[in-house]
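Residue-level structure breakdown
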Amino acid sequence: MKKIILALLILLLLSFNLQAQAPFYAGKTIRVVVGYTPGGTNDLWARVITQHMGKYIPGNPIFIVQNMPGAGSLVAANHVYGVAKPDGLTLGLIAPALYFEQLTGRKEVQFDWSKFIWIGTPERGDEMLSMRSDAGYKSLDDIRKASEPPRCGATGQGTSGYYFPKLLGEAAGLKFNLVLGYPGASEVDLAIEKGEVQCRAGTISAFFGREPGRTWAKTGFVRIIVQGGSKRDERLPEVPTVYELMEQQRTPEAIKRLARVLLSPADIGRPIVGTAGIPADRVKLLREAFMKALSDPELLAEAKKRGWEASPVSGEQLQNIAKDVSAQPAQVIERLKALLGG
């Protein structure tokens, strides 16, 4: 009997050792919560990335994408930060400008931007604003002087669709009537095609990287009227930048400083984040797998086919950016409140 008990104990110990040696992610499923409706560039990027990340994580976990639209991805951000367990099994793809909401004290915010675990972003995303070519606003001066400003569609306040037109009003005197509440980019595009709105802001990469933007560019259905980068994108050589407009308008230095804060989301791109408190070893695995996936030949071929330009930023870099943009002086925060509050 003693020999039998001893043998059982040995088997149990061996079993425990094997379990301890097995990778954490073996047999697991990682859920990526996308704060937008299906079909937009953010959603498509999430689906392409998750097709490849699993093979670079020990244990080869399965990835699934779950769409959770609402308030410009604020709903998804709150879920990832405050509801999901900090076990590295739930990630989120959210808007890069949600820190505006935190800085301005919006009560719906239930996260600390600097404490998200930043996994990476597949690309930077300079902003642009497009206008239906038949809208009747043929120049920037037409928009500036319009008695009835053009209607621009957006999903929520934490998105480029909202803050970029607001910045153009502050920095260059351009007037827009913002229509909020669309669930995602695809719905805003449809609203433009139906004539509900005449314009929208978004990223240059999204416009040229998916439909209907590529067709709109070919047919001239819309015109790009201004872009947000510090220099003109090679695809938009005739389109002025915000910085050029600010020089022309002799914008005060205080507004220029505000513009730099408002344009920082371009460096954050399409961020994938995790819940605060994920164990450091799992964070390391996720970040490494993300960067390896973004150099995977199959992913790069898919990106090229879609007209995307992969320019990944690592989680470590994003973590530093998030810390910097979250710490703004009181005068900048007050200007943000004044600009974004109405």
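Residues numbered from 1 in each chain as written. Predicted model: local features only at pLDDT ≥ 70, side-chain atom pairs only at ≥ 80, totals over all residues. Heavy atoms only, no water.

**A closer look at the pairing of strand β8 (residues 199-203)**
Within a regular strand, side chains alternate between the sheet's two faces. Heads up, the condition is: Note on exposure labels: buried denotes an accessible area under 20% of the residue type's maximum, exposed denotes more than 50%, and partly exposed covers the range between, all computed with a 1.4 Å probe on protein chains only. Counting from the N terminus, the helices are DSSP H or I runs at least four residues long and the strands are E runs at least two residues long. Pairs of strands are assigned from DSSP output, requiring at least two bridges between the strands.
With 5 of 5 residues buried, β8 lies mostly within the body of the structure. One ladder, built from 5 bridges, connects strand β5 (residues 127-132) with β8; its direction is antiparallel. Among the inter-strand pairings, M128 is bridged to a residue of β8, identified as G202. Pairing geometry for strand β6 (residues 151-153) and β8, over 2 bridges, is parallel. Across the sheet, the residue bridging to G153 is R200, located in β8.

**With respect to the sheet that holds strand β9 (residues 222-227)**
What counts here: The axes used here are C-alpha line fits, helices contributing only the stretch in contact, and every angle between their N-to-C directions lies in the interval 0 to 180 degrees. A contact between two residues is defined here by any heavy atoms of the two lying within 4.5 Å.
Read across the sheet, 5 strands follow the order β7-β6-β8-β5-β9 without closing on themselves; strand pairing throughout is mixed. Here the strands that pair on one side only, and so sit at the sheet edges, are β7 (177-179) and β9. Put simply, the sheet's adjacent strands are angled 35 degrees from each other on average, direction ignored. Sheet strands in contact with helix α6 (residues 160-172) are β5, β6, β7, β8 and β9, and its direction is about 85 degrees off that of β5.

**A short note on the packing of helix α11 (residues 253-262) against helix α16 (residues 330-340)**
Rules: Angles are sorted into four bins: roughly parallel if under 35 degrees, roughly antiparallel if over 145, roughly perpendicular if 65 to 115, and oblique for all others. Three residue categories are used. Nonpolar comprises Ala, Val, Leu, Ile, Met, Phe, Trp, Tyr, Cys and Pro, charged comprises Asp, Glu, Lys and Arg, and polar comprises the others, including Gly.
Packing of α11 against α16 leaves a shortest axis separation of 10 Å and a crossing angle of 80 degrees. One element, α11, and the other, α16, form an angle in the roughly perpendicular class. Across from A254, I255, L258, V261 and L262 in α11, the residues of α16 making contact are V332, R335, L336 and L339. Counted by class, the contact of α11 with α16 contains 8 nonpolar, no polar and 1 charged residues.

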